[in-house]
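Each chain, written out:
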Amino acid sequence: KTAHYIKQTKKKIGGEARMAIVEMKKVSAIVMKKDARKVLASLQEAGVAEISQIEPKEQLSVQDNSTEISRLESELQETRYAIGVIKRYDHSKKSFLTPRPEISASKLKEEDEDAATAIDALMQSAKSIDENINAIRQKSAKLLSLKAQLEQFSELDVKLTDISESKYVTAFCGIAPKENIRQIKEISDELCEITFMNSANELQPIFVLMHNSVAEEKRMALKELGVVDAVLEKADATPAERIKQLDSDLAKLGEERLAQEKVAEEEAKKLVTLMAHEVHLEYCLRRETALAKLGETKKVNVIEGYVRADGTDKLEAALQNAAEAYYLDITDPTEEDDTPTLIVNKSALTPFEAVDEMYDTPAYRGIDPVFIMAPFYFIFFGMMLSDAVYGAIIAIGSLIVLKLRQPDGMFRKVTMMIFICSFSTIIWGILFGGYMGDLFGIDAALFNPIESALNMLILCIAVGIIHIMVALVMGMYMAARKKDWMAMIFDKGMWFLIMLAIVLFALGSVAGISVLSTAAVVMVIVGALGLLFTQGRHKKGIVKKFVGGLASWYDITSYISDILSYSRIFGMALATSVIAMVFNTIAGMLTGGGGFMAIIGWIFAIVIFAVGHIFNMFISGLGAFVHSMRLQYIESFTKFFEGGGRPFKPLDYSTRVFRIK
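Numbers given to residues run from 1 along each chain, matching the order in which its sequence is written. Only residues with pLDDT of at least 70 get local features here, since the model is predicted, and only at 80 or more are side-chain atom pairs given and counted; chain-wide, interface and lining totals rely on the full set of residues. The basis for the side-chain values is all heavy atoms of the structure; hydrogens and waters are excluded.

(A) Seen up close, the packing of aromatic side chains. Only centres within 6.5 Å qualify two rings of Phe, Tyr or Trp (six-membered ring in Trp) as a pair; their planes then separate them into stacked at under 30 degrees, edge-to-face at over 60, and tilted for everything else. Scanning all chains against the criterion turns up 16 aromatic pairs. Relative to Phe641, the ring of Tyr359 has its centre 5.3 Å away and its plane inclined at 70 degrees; by these criteria the two rings are edge-to-face. Here the residue Tyr359 occupies a position in helix 11 (residues 353-359), and Phe641 occupies one in the loop between helix 21 (595-636) and strand 12 (659-660), the gap between them amounting to 282 residues. Using a relative accessible area of 34% as the deciding quantity, one classes Tyr359 as partly exposed. Residue exposure (1.4 Å probe, protein chains only): buried if accessible area is under 20% of the type maximum, exposed if over 50%, otherwise partly exposed. Phe641 sits in the buried class, given a relative accessible area of 14%. Ring plane angle 40 degrees and centroid distance 6.0 Å describe the contact between Phe376 and Phe380, whose orientation is recorded as tilted. One end of the pair is Phe376 and the other is Phe380, both in helix 12 (residues 370-385) and four residues apart, which spans about a single turn. What counts as a helix is a DSSP run of H or I of at least four residues, what counts as a strand is a run of E of at least two, and both are numbered from the N terminus.

See the structure below:
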């Protein structure tokens, strides 16, 4: 039976990315059980396939390797514990701009005997350091507690061993509330001597020496006044002498701790070795977790998953390199399959994927909106910040972070996106005359938003209408892909017609072209009637259909709200400019006068100027970053974006701990 399924086959299937969403293929493979781990290692090297969980079927169970997974998880936990211990003593200079350590890929994938020996030694050393320091910490805490108790009675010239009950007298130390001192003094007599220690807190330490004949009576009276026994250790020394001994012991423990910390600091120099071991274990755990998803019979393992269409050759090569014999089947995924989404854009658009990732993963059969979102995000960000000097500073700062920190993943995308948008900030700063507010007095190339507020508002609304119209066009395109022509023409198309009518009406009114205004009115009527007669089409009965169509007119309020939302661009641009001008004015007021006060004024002016503009650049930049995203999410994505996708997670050797050579 097994021989029937094990055969070598060769399929080469190409694929191209749809928009930015890469085409996926569904893969099924059968390999010999003895080759399974080698095959997974080979697939991990290729990094093009995602392994799916197999559902058990008749004569096909799920691979059980829970013991190995538990072993790796336990070893990984111990490694992370050791890293946590040693990392506390890593005093090497690091900053926000410090890049991740660099290492060769081979050291992460395979570990030789020498590396294993060094790792074991480090693990044992970390455990020993932590245990020793914890023991020292516990001993120190105990000694400090004893010292704190004794310090209350440091002036008492009595040996601690003598504070007890003898044949004729009883001596004890106690703690009493200060408000009861007068009543306690009244208890003292010729058979009971009570000594009060100096105390700065609310509790009063006392030493009581009394004859045994009155001991029970006096103790009861003191107890009623809130006196409790102070339990002190027994030692052949006075409290003051014992405190000196404790100080000496604490000093020795401090020296021991310093010695352990020096050992830890030396081990911290080898921290990269432990971190590399952690990544290596993560790689192994990924393979074993993937193995646990495979199906198994007595002699073979069944692999199912997804591969990017342009990686099928790599997949086949990985199988050929690791398996003596295999069966491979590559097909197109169906509508019912949970196909993952992989997005690959051109380098200029890749940074803007961060906006999508913060929102949702596009559905596999949807589209990645980056190519239409990126230009508008670029425009919105620049219009909101709109200061040429701020833009130049942000560009330089972003370049420094990219060069020195060398980030990857989401951090790199966001940093690159901010760098790209800094040029938009410079452009709009020049157009609006924003150079640290009005610091340089340079005229705007287009207009000043403060002096021409109406023009600025019109510009923002115009850009917003274009943004919404593009979203509606994308909505029509999505409906057309599904061959839902009614939705394309009437659900999206009628609203696009109405939005276009608004643009034509505005142009006709400004230019004095009555034909455009008349055409706009006709388009609004056509659009409104189209909505009236089609939006209730899913309901039964003429009346319900009519009411449904009529109710759709209410959505005009939503579109008006969307259009007005773009006024936030005007508000953000105005805020950036005004705040900058305020700090310029305050700094300018402090530079007047003469003599010594002029020097003081200039110092304060420079500080206020620098801090004020840094604050304005940060808070306005953060506002531009967030509100530009909001305009995409609320005003645009809601009209066409299909989310709910699942990110493609291939079995690979990726890591964010190191930079791979």
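(B) Structural context of the layout of surface pockets. Here the term cavity refers to a set of points on a 1 Å grid, laid over the protein atoms alone, in which a 1.4 Å probe fits but cannot get out; the term pocket refers to an open set having protein on both sides within 12 Å along at least five of seven lines, with lining residues being those that place an atom within 4 Å of a point. Grid points are joined across faces, edges and corners, and a volume is the space filled by probe spheres set on the points. Here the largest pocket is characterised by a volume of approximately 700 Å³. Around the largest pocket sit 23 residues that line it, and Leu342, Glu353, Glu357, Lys413 and Arg656 are the ones nearest its centre. At the level of elements, helix 11 and helix 14 (409-432) are the ones that each hand at least two residues to the lining of the largest pocket. Of the residues in the lining of the largest pocket, the class split is eight nonpolar, seven polar and eight charged. For this classification, Asp, Glu, Lys and Arg are treated as charged, while Ala, Val, Leu, Ile, Met, Phe, Trp, Tyr, Cys and Pro are nonpolar and the rest, including Gly, are polar.

(C) The arrangement of the nonpolar core in detail. Core analysis: the largest hydrophobic core is formed by 60 residues, its most contacted members being Phe352, Tyr377, Met456, Met499, Ile569 and Phe640. Note on contacts: a residue pair is in contact if any heavy atoms of the two residues lie within 4.5 Å. Apart from residues lying up to four places away in sequence, Phe640 is in contact with Ile367, Pro369, Ile372, Ala471, Met474, Gly475 and Met478. Of all hydrophobic cores here, the second largest spans 24 residues; its members include Val27, Val48, Ala49 and Leu294. The term nonpolar core refers to a set of buried residues drawn from Ala, Val, Leu, Ile, Met, Phe, Trp, Tyr and Cys, joined through side-chain atoms within 4.5 Å.

(D) Inspection of the sheet that holds strand 8 (residues 228-229) at higher detail. By definition, two strands form a pair when at least two bridges between them are found by DSSP. A sheet is described by the order of its strands in space; here four strands give the open sequence 6-7-5-8, paired in antiparallel fashion. Two strands bound the open sheet, and with one partner strand each, they are strand 6 (192-196) and strand 8. Here strand 6 pairs with strand 7 (residues 203-211) via five bridges, running antiparallel. The residue bridging Ile194 from the neighbouring strand is Val208, located in strand 7. For helices, the fitted line uses only the C-alpha atoms of the stretch in contact; every axis is such a line through C-alpha atoms, and the angle between N-to-C directions lies from 0 to 180 degrees. Contacting strand 5 (169-177), strand 6, strand 7 and strand 8, helix 7 (residues 212-224) crosses the sheet at an angle of about 155 degrees to strand 7.

(E) Expanded view of the pairing of strand 1 (residues 24-32). Bridge count for strand 1 against strand 10 (residues 300-308) is nine bridges, and the pairing is antiparallel. Its bridge partner lying in strand 10, Met24 is registered against Arg308.

(F) Structural detail: the confidence of the model for the chain. Chain-level pLDDT for the chain is 91 on average; 97% of the residues reach the 70-or-more range. A residue's pLDDT is simply how confident the predictor is in it, with values from 0 to 100. The least confident element of the chain is helix 1 (residues 2-5), whose mean pLDDT is 38; the most confident is strand 2 (residues 49-51), at 97. Note that pLDDT drops below 50 for residues 1-17; the model gives that stretch 38 contacts with residues more than four away or on any other chain.

(G) Main features of the pattern of salt bridges. A side-chain nitrogen of Lys or Arg and a carboxyl oxygen of Asp or Glu constitute a salt bridge if their distance falls within 4 Å. Applying the stated criterion across every chain yields a total of 37 salt bridges. Residues Lys25 and Asp332 are paired through a salt bridge, measuring 2.2 Å at the closest nitrogen-oxygen approach. Of this pair, Lys25 sits in strand 1 while Asp332 sits in the loop between strand 11 (326-331) and helix 11; the two residues are 307 residues apart in sequence, bridging distant segments of the chain. Relative accessible area serves as the criterion here: at 48%, Asp332 is assigned to the partly exposed category. A salt bridge links Lys159 to Asp236; the shortest N-O distance between them is 3.2 Å. Of this pair, Lys159 sits in the loop between helix 5 (113-151) and strand 5 while Asp236 sits in the loop between strand 8 and helix 8 (239-268); the two residues are 77 residues apart in sequence, bridging distant segments of the chain. According to the relative accessible area criterion, Lys159 is partly exposed, its value standing at 36%. In the salt-bridge network here, residues are joined through shared partners; they are Glu23, Lys25 and Asp332.

(H) Structural detail: empty space enclosed by the protein. Within this structure, the stated rule accounts for one cavity of 30 Å³ or more. Looking at the largest cavity, its volume works out to about 60 Å³. Lining the largest cavity we find Val27, Ala29, Leu43, Ala49, Glu50, Ile51, Ile303, Gly305, Leu315 and Leu319. Secondary-structure elements contributing two or more residues to the lining of the largest cavity are strand 1, strand 2, strand 10 and helix 10 (312-322). Here the residues of the lining of the largest cavity are counted per class, giving eight nonpolar, one polar and one charged.

(I) Up close: the environment of Ile634. With respect to the secondary-structure elements, Ile634 resides in helix 21. Residue classification places Ile634 among the partly exposed residues on the basis of a relative accessible area of 39%.

(J) Helix 3 (residues 66-87), seen in detail. One fewer than the residue count of a helix, multiplied by 1.5 Å, yields its expected span. Relative to the 32 Å expected for 22 residues at 1.5 Å per residue, helix 3 spans 31 Å between its end C-alpha atoms, a close match to the ideal helical length. All of the buried residues along helix 3 are Ile69, Leu72, Leu76, Thr79, Ala82, Ile83, Val85 and Ile86. Where helix 3 is buried, its residues contact helix 5, helix 8 and helix 9 (271-291).

(K) Highlighting unusual backbone geometry. At Gln406, a position not held by glycine, the phi torsion is positive, near 50 degrees. One can find Gln406 in the loop between helix 13 (388-405) and helix 14. Judged by its relative accessible area of 32%, Gln406 falls in the partly exposed class. Unusually for a residue other than glycine, Met436 sits at a positive phi of about 55 degrees. One can find Met436 in the loop between helix 14 and helix 15 (453-481).

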